[in-house]
Structures are given as C-alpha cells and as structure tokens.
Amino acid sequence: MDVEVWLDDLALGQYADTFRENDIDGETLCDLTAEDLKELGVSSLGHRKKLLAAIAELSPPQPETTDGEAAVTPQPGERRQVTVLFADLTGFTKLSNELGAEETHGLLNRYFEAVDGIVEGYGGNVDKHIGDNVMAVFGAPVAHGNDPERAVRAADDIHQAMQTVGRDVGRELQAHIGIASGQVVASGTGSAAHREYTVTGETVNLASRLQDKAKAGETLISDTVCRAVSGLADCADLGEIEVKGFAAPVRVWRTDGLRRGASSEHMSLFVGRRPELRQFTAITEECLETGAGQSMLVRGEAGIGKTRLLEEFAAAAVDRGFAIHKGLFLDFGVGKGQDAIRTIVRSLLSVPRDSGKATRQGAAEAALAERRLATDQRVFLNDLLDLPQPIEDRAMYDAMDNATRNTGKRDVVAGLIRAVSVRAPILIIAEDAHWADPLMLTHLASMTATVADCPAVLVMTSRIEGDPLDQAWRSSTHGSPLMTIDLGPLREADAIV
C-alpha cells in the first residue's frame, strides 16, 4: 500500500516525510504501537489515537465459521519454563466496603492500568484478573533468557507504583506479591465460545500461595527465583514453610529491594579485574584534576562480570565525590518514561522513580528557573519527562519534523550533564548498549562528546558480538576520547577464590 496516500486520506499528511525517513511501509505500518508513533514524533494524542484506529482497520479479519462465530484453532498443551507473578491489593475487601461502587470501579481500573502496564513493559503477559488479583506470566507465550529477573523488577515497580496510584485516588495503597518459577503446561483452554491462552501447574499454585502469605508491601519468591536473581535483589531467607496444597514444606524468600548502587556488604566478593579498576580510577582522577571527562566502553560476553565491575567502578567514584546516574538498556519494551535515556534525565533532575506529573513538572520548572536549560528547550524537556506540551507550544512542537525533535532532546541531555556536573562531578552508567536502538545510540554518541569537556565520566557496557558502538558510531562522537576494555575470563587463581 502507499503509506503517503493513506496518511493523506486521514488528513495527517504532515507525517509522510517522517514515515518515509524511517522506512515505514505497508507491512511495518501494521506493527506500529503508540510508543512507536510517539518516537516517530506524533506528539498529539488525538493524532496517535486516529492513526492507531486506522491501523487496526488494516489488520486482516479473523476467519469465520458458517454461523458467524470466530473460528477457534485448538492449541495443544506444551511444557514451558516460566515465572508466574500474582499481585493483589492489600485490604481490598475492607476498602471496597468503605467506597461506593463507582469509586471502587475507578480504583480497580487505575490499579489494573498501572500493574498491567508494568508487566507488559517488562515483556510479561497478563494472564487474567480475578477480583483485584493480577496473574502475570513471564516466559509464555514469549520466552526470554531472564524471565525471573523481569518478574522481580516488575514486582519492585508495582510496589513503587502503588504510592502514585494511592495519591491519585486519595488512599494509602499497598500490594502483596508472590513469584515462582518452574515448568507449567501452556495451552489454549476454554470452549468454542471462549478460549484463551493460559498456563497451569504447580508453579502457578505456588506463586498464588506465596502471594497469600506475603504481607502488605512484600514480595515473596520461591527458591528457584531467588537463585536466578541473587545478583539483582537482596533476599531474606524465611526458611521452609507449610504451603497449602504442597506435601512438603517449601523454602521461601522475601525480596528486600533491588540493588541500585548497593554498598559493598551487599555485593559479591570482587576478585581480579584490578587493571581495569586502575584504568577507571585514572580516568576519574584526571577528570577531577582537569575538569574534563572521558568515556569508557566495557565489553564482554553475558555473565562475564560487567555489572559487578561497574558496581566497583561506582563505589570507587562515590569515594572520590562523584554522583552516580544510571540507565539500563533492555531487550524488551519498557514502561513509559523508563527507557535508559529518560531514566538518566530523571536522575540528573533528582526526580524519583514513578514520580507523578506534579513532581516531574516541578523539576522541569526548576531546571528552567535555575537556567540549567534555555526557555526554548522546554518542549524537548517536556517530551523527555513525558509531560504534556502547554497549549502555546503544542502547535509548534507538532509542526517540527522528527529530526528536529530528536536533536532538541539530545541537546537537552547534553545541557543537563554540563549543568549538573558543574556542582559536583558525575558518573553516568549506561548498561547493555547492545540493546540500544538507533535513536538511543545517537544519544550515547552525543553524551560521549559532551563529557569530554565537563567534569563527567560516561561508562557504557556492551557484548562484543553485535556491539553497535562500531567505527561508524565512533565517528559520530567527533573524535571524543573513548577507552575500550574487553573483558576475558578471570585468571584461574582469581576464579577459584
């Protein structure tokens, strides 16, 4: 199909150049999501909704049976290794008795919107809602290499989100969550009238029972999940407990938060890698002496110790007075405002995770008032903070082409790095750059050039195979210094410590 003609028919021909520049053809068009449209520069909510509705009409119709019912293709059961998460609102029965039916309905909608968005943002699948209970599956129908990690990250975000949801509805809300990993039977179940993809088995039952036992604000996890996330979360051993439906006691753990810049007592023993640590230390000392920073790329295969080395880098930087700002690229979609660059921007502005609109708006106004950014950069900062554009700026921003918007956002990130590093030196960590898309890579190139002339150090990590920070990317940094360290296996003497 001719996408330009299609856009003209929708009276949205102003986006034709952007779609063409990004190679959006008829086939790609059908896969576009709301986030994709926003990335393409469709900032108007009305335009996005209009485009999504028109895209939905392009999807092929479902086959029909002779009586008009949608045809159902039986799905045989298959065994899958998955991680199951159950999340429930604490004290919902009492709360619903205090609220009217309309308020209860509004609360549930807001709760489901938050939890479902977090689950889907981490690549999970919302299996079902049961009352105020959400059942989510990580690993079916799509499996990833780190499904337990995704589930635990999602649980942590759900607890954080309850504060925001509670403020929105004027109630103090908490969730209690259970997570278990193991084999299940995944299949399409139901009847000809209603059929859905779901998972069944002991793992599902265990996750549900763990949720029942979790207290307000707690996440309880199975022993299998704990082993899978030992480097990510601090876990408290609750010992073996009796779980209804299980013949033998089950060992249960409670997550006590993700490790973000954790102190050394929470880290695994650091062995080897002394030359790499000395190289990093030299960069920070040079930065402190000259006021000019540098970028470092740490490359290595999965599991070789990149994250652990970065923890040591961060600890060494903090000892020298550096403030830490961190973003993580993921191999799956993330929730609104949670991509690596937006996370770094929020950190630079001291905006807490899952902050509401008012907090983000206040941070934006403070940045402009303190002249950390120019007034004409407000529209780009609003975009990075997922804030609506003021009426007086909306038309101007809608009229910009995608390239202009992206350049403006890169300049905002660069301006914030310069402004924040003047107060105290900063270390910016961008993990797993091999998952970064082309737009995010342009941000990394701009940041590499920026830290070269201010008291800031940028450390990126990537896998060696498929490393996108190639020669073409490096040329876009305008010759800015970049030290590359390729990690090999630990020496035998270090590995046995």
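Scroll up for the structure.
Structural notes, computed from the coordinates.

Turning to the nonpolar core, a few remarks are in order. Counting 45 residues, the largest nonpolar core has Val345, Leu349, Leu381, Ile417, Leu444 and Met447 as the members making the most contacts within it. Contributing elements (two or more residues each) for this core: α13 (340-348), α14 (357-369), α15 (378-384), α17 (402-423), β11 (426-431), α18 (438-451) and β12 (456-462). The element that contributes the greatest number of residues to this core is α18, accounting for seven residues. Leave out the neighbours within four places in its chain, and leucine 349 touches Ala363, Ala367, Arg372, Leu381, Leu385 and Leu416. Core analysis: the second largest hydrophobic core is formed by 39 residues, Tyr111, Val134, Phe138 and Leu173 among them.

Attention shifts here to the packing of aromatic side chains. A complete count under the given rule lists three aromatic pairs for this structure. On the numbers, 4.3 Å between centres and 5° between planes, the contact of phenylalanine 280 with phenylalanine 313 is stacked. You can see phenylalanine 280 sitting in helix α11 (residues 274-290) and its partner phenylalanine 313 sitting in helix α12 (residues 306-319), a full 33 residues away along the chain. Residue phenylalanine 280 shares its accessibility class with phenylalanine 313, and that shared class is buried. Its guanidinium or amino end placed over the ring of tyrosine 397, arginine 405 lies 5.0 Å from that ring's centre, counting from NZ or CZ.

Quick look at the environment of valine 457 now. By the element assignment, valine 457 lies in strand β12. Classification of valine 457 by relative accessible area gives buried; the value is 1%. Those residues within four positions of valine 457 in sequence are excluded, and the remaining contacts are Phe280, Ile283, Cys287, Gln294, Phe322, Ile426, Leu427 and Ile428.

So, about the packing of α13 against α17. Where α13 contacts α17, the axes come no closer than 10 Å and their chain directions differ by 35°. Taken as a pair, α13 and α17 cross one another with a handedness that is left-handed. Contact residues: Ile341, Arg342, Val345 and Leu348 in α13; Lys409, Val413, Leu416, Ile417 and Val420 in α17. Taken together, the residues of the contact of α13 with α17 sort by class into seven nonpolar, no polar and two charged.

Attention now goes to the pairing of strand β1 (residues 78-89). Most of β1 is tucked away, with nine of its twelve residues classed as buried. One ladder, built from six bridges, connects β1 with strand β3 (residues 133-138); its direction is antiparallel. The residue bridging threonine 83 from the neighbouring strand is phenylalanine 138, located in β3.

The next point concerns the packing of α11 against α12. At their nearest, the axes of α11 and α12 sit 10 Å apart, and the two run at 40° to each other. Classed by the angle they form, the pair α11 and α12 counts as oblique. Considering how the two elements wind past one another, α11 and α12 form a crossing that is right-handed. Facing Glu276, Leu277 and Phe280 of α11, the residues of α12 in contact are Leu309, Glu312, Phe313, Ala316 and Ala317. Residues belonging to the contact of α11 with α12 are distributed by class as follows: six nonpolar, no polar and two charged.

Here we take up the side chain of threonine 448. By the secondary structure assignment, threonine 448 is in helix α18. For threonine 448, the contacting residues outside a window of four places in its chain are Ser295, Leu458, Met460, Trp473, Thr477, Ser480 and Pro481.

Taken together, the side chains of Asp23, Asp25, Glu27, Asp31, Glu35 and Asp36 make up a negatively charged region of the molecular surface. Here aspartate 23 lies in the loop between α2 (16-21) and α3 (26-29).

Conventions we followed
- Residues numbered from 1 in each chain as written.
- Predicted model: local features only at pLDDT ≥ 70, side-chain atom pairs only at ≥ 80, totals over all residues.
- Heavy atoms only, no water.
- Core = buried A, V, L, I, M, F, W, Y, C linked by side-chain atoms within 4.5 Å.
- Buried < 20%, exposed > 50% of the residue type's maximum accessible area, 1.4 Å probe, protein only.
- Helix = DSSP H or I, 4+ residues; strand = E, 2+ residues; numbered from the N terminus.
- Contact = heavy atoms within 4.5 Å.
- Phe/Tyr/Trp six-rings, centres within 6.5 Å; stacked < 30°, edge-to-face > 60°.
- Lys NZ or Arg CZ within 6 Å of the ring centre and 35° of its normal.
- Axes fitted to C-alpha atoms, helices over the stretch in contact; angles between N-to-C directions.
- Left-handed = near helix turned anticlockwise from the far one by under 90°.
- Nonpolar A, V, L, I, M, F, W, Y, C, P; charged D, E, K, R; others polar.
- Pairing = 2+ DSSP bridges.
- Parallel < 35°, antiparallel > 145°, perpendicular 65-115°, else oblique.
- Patch = residues over 30% accessible without salt bridge, like charges linked within 9 Å, V, L, I, M, F, W, Y side chains within 5 Å.
- Areas by Shrake-Rupley, 256 points an atom, 1.4 Å probe, with all protein chains shown as cover.
- Salt bridge = Lys/Arg side-chain N within 4 Å of Asp/Glu carboxyl O.
- Lys, Arg positive; Asp, Glu negative; His and termini not counted.
- Charge placed at Lys NZ, Arg CZ, Asp CG, Glu CD.

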